[in-house]
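# Coordinates in review
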Amino acid sequence: KEPIPTLVQYLDKPFVFFGHSIGGALAFEAMRLLREMYNIQPAKLIASASHPPYILEDRAKHLENIPDDELLSMFTDVNTEYLKNNGLYEVALRALKNDLAFAYSYVFNEKFELFDVPVTAVIAGKDRFLSRQDVEEWGKITKNQFTPIYMPNFEHNYIVYNMRFVIDTIYNETKNLLTTANG
């Protein structure tokens, strides 16, 4: 709740939330709090390679006992030996475990009311953490339009190597919404 009052001061124009991986659940929670505290909603949510919040806790539990090398390889295509040889292994592992700490401790509020916001979910076909069915569950958080975008050759961390796709997707998914909202 703490960052929400600071965020509100920048939301005087139409805006869109984009959340990748754990960021999808963070975007969802920000949306929920903005609506609850200020009656503000984004023009759209784009969830990328992300579990919807109501199944995140369940899906994250199976990751807690996975060996570190295997865990890192699930979320990055960088060879763990490369990370070890270049002094990056502990940094990458710590960053990943910090993200996962949120997922492990996340508790979905069952009293959630559906958003009236269009939702797009990007599905990375080679993601070893998420299934296509899991990502398509994002459609259940909205009473508005749901659009899945399936990218069969993308891995979970596609956002690092396919920035052009990310920018184009955000642009294409929001250009009409933001133009319409601005009058």
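Placed above this text is the structure.
Below is a summary of the structure that appears in this document. As the structure is a computational prediction, the values presented were derived from the model and not from experiment.

### Considerations on the pattern of salt bridges
Enumeration according to the criterion identifies eight salt bridges in this entry. Taking the shortest distance from any N to any O, the salt bridge between Lys84 and Asp69 comes out at 3.2 Å. Here Lys84, found in helix H5 (residues 80-85), pairs with Asp69, found in helix H4 (residues 68-75); they are 15 residues apart in sequence, far enough to count as distant. Overall, Asp69 belongs to the partly exposed group, its relative accessible area being 30%. One network of salt bridges, with partners in common, ties together Glu29, Arg32 and Glu36.

### Observations concerning empty space enclosed by the protein
Under the counting rule described, the total for this entry stands at one cavity of 30 Å³ or more. There is about 40 Å³ of room inside the largest cavity. Taken together, Ser21, Ile22, Ala25, Ala49, Ser50, His51, Leu56 and Phe129 make up the lining of the largest cavity. When the residues that make up the lining of the largest cavity are grouped by side-chain class, the tally is five nonpolar, three polar and no charged.

### Some remarks on the pairing of strand E2 (residues 44-48)
Along E2, five of the five residues are buried, which leaves the element largely enclosed by surrounding structure. Because side chains alternate across E2, one face comprises the buried residues Lys44, Ile46 and Ser48, and the other comprises Leu45 and Ala47, equally buried. Pairing between strand E1 (residues 16-20) and E2: five bridges, direction parallel. Each residue of the ladder has a partner; that of Gly19, found in E2, is Ala47. Following the chain from E1 across helix H2 (residues 22-38) to the adjacent parallel E2, one finds a crossover that is right-handed.

### What about unusual backbone geometry?
Phi is positive for Ser21, which is not a glycine, with a value near 60 degrees. Note that Ser21 resides in the loop between E1 and H2. Positive phi values are uncommon outside glycine, yet Asn39 reaches one of about 55 degrees. Within the secondary structure, Asn39 sits in the loop between H2 and E2. The exposed category is assigned to Asn39, whose relative accessible area is 68%.

### Details of the packing of H4 against helix H6 (residues 89-105)
Remark: H4 packs on H6, axes separated minimally by 10 Å, with the N-to-C direction vectors making an angle of 75 degrees. As judged from the angle between their axes, H4 and H6 are roughly perpendicular. In this structure, H4 uses Asp68, Asp69, Leu71, Leu72 and Phe75 to contact H6, whose residues at the interface are Tyr89, Ala92, Leu93, Leu96, Lys97 and Leu100. When grouped by side-chain class, the residues that make up the contact of H4 with H6 number eight nonpolar, no polar and three charged.

The rules we used
Residues numbered from 1 in each chain as written. Predicted model: local features only at pLDDT ≥ 70, side-chain atom pairs only at ≥ 80, totals over all residues. Heavy atoms only, no water. Salt bridge = Lys/Arg side-chain N within 4 Å of Asp/Glu carboxyl O. Helix = DSSP H or I, 4+ residues; strand = E, 2+ residues; numbered from the N terminus. Buried < 20%, exposed > 50% of the residue type's maximum accessible area, 1.4 Å probe, protein only. 1 Å grid on protein atoms, 1.4 Å probe; cavity = no way out; pocket = protein on both sides within 12 Å on 5 of 7 lines; lining within 4 Å. Points joined across faces, edges and corners; volume = space filled by probe spheres on them. Nonpolar A, V, L, I, M, F, W, Y, C, P; charged D, E, K, R; others polar. Pairing = 2+ DSSP bridges. Right-handed = clockwise from strand over helix to strand, strands pointing away. Axes fitted to C-alpha atoms, helices over the stretch in contact; angles between N-to-C directions. Parallel < 35°, antiparallel > 145°, perpendicular 65-115°, else oblique. Contact = heavy atoms within 4.5 Å.

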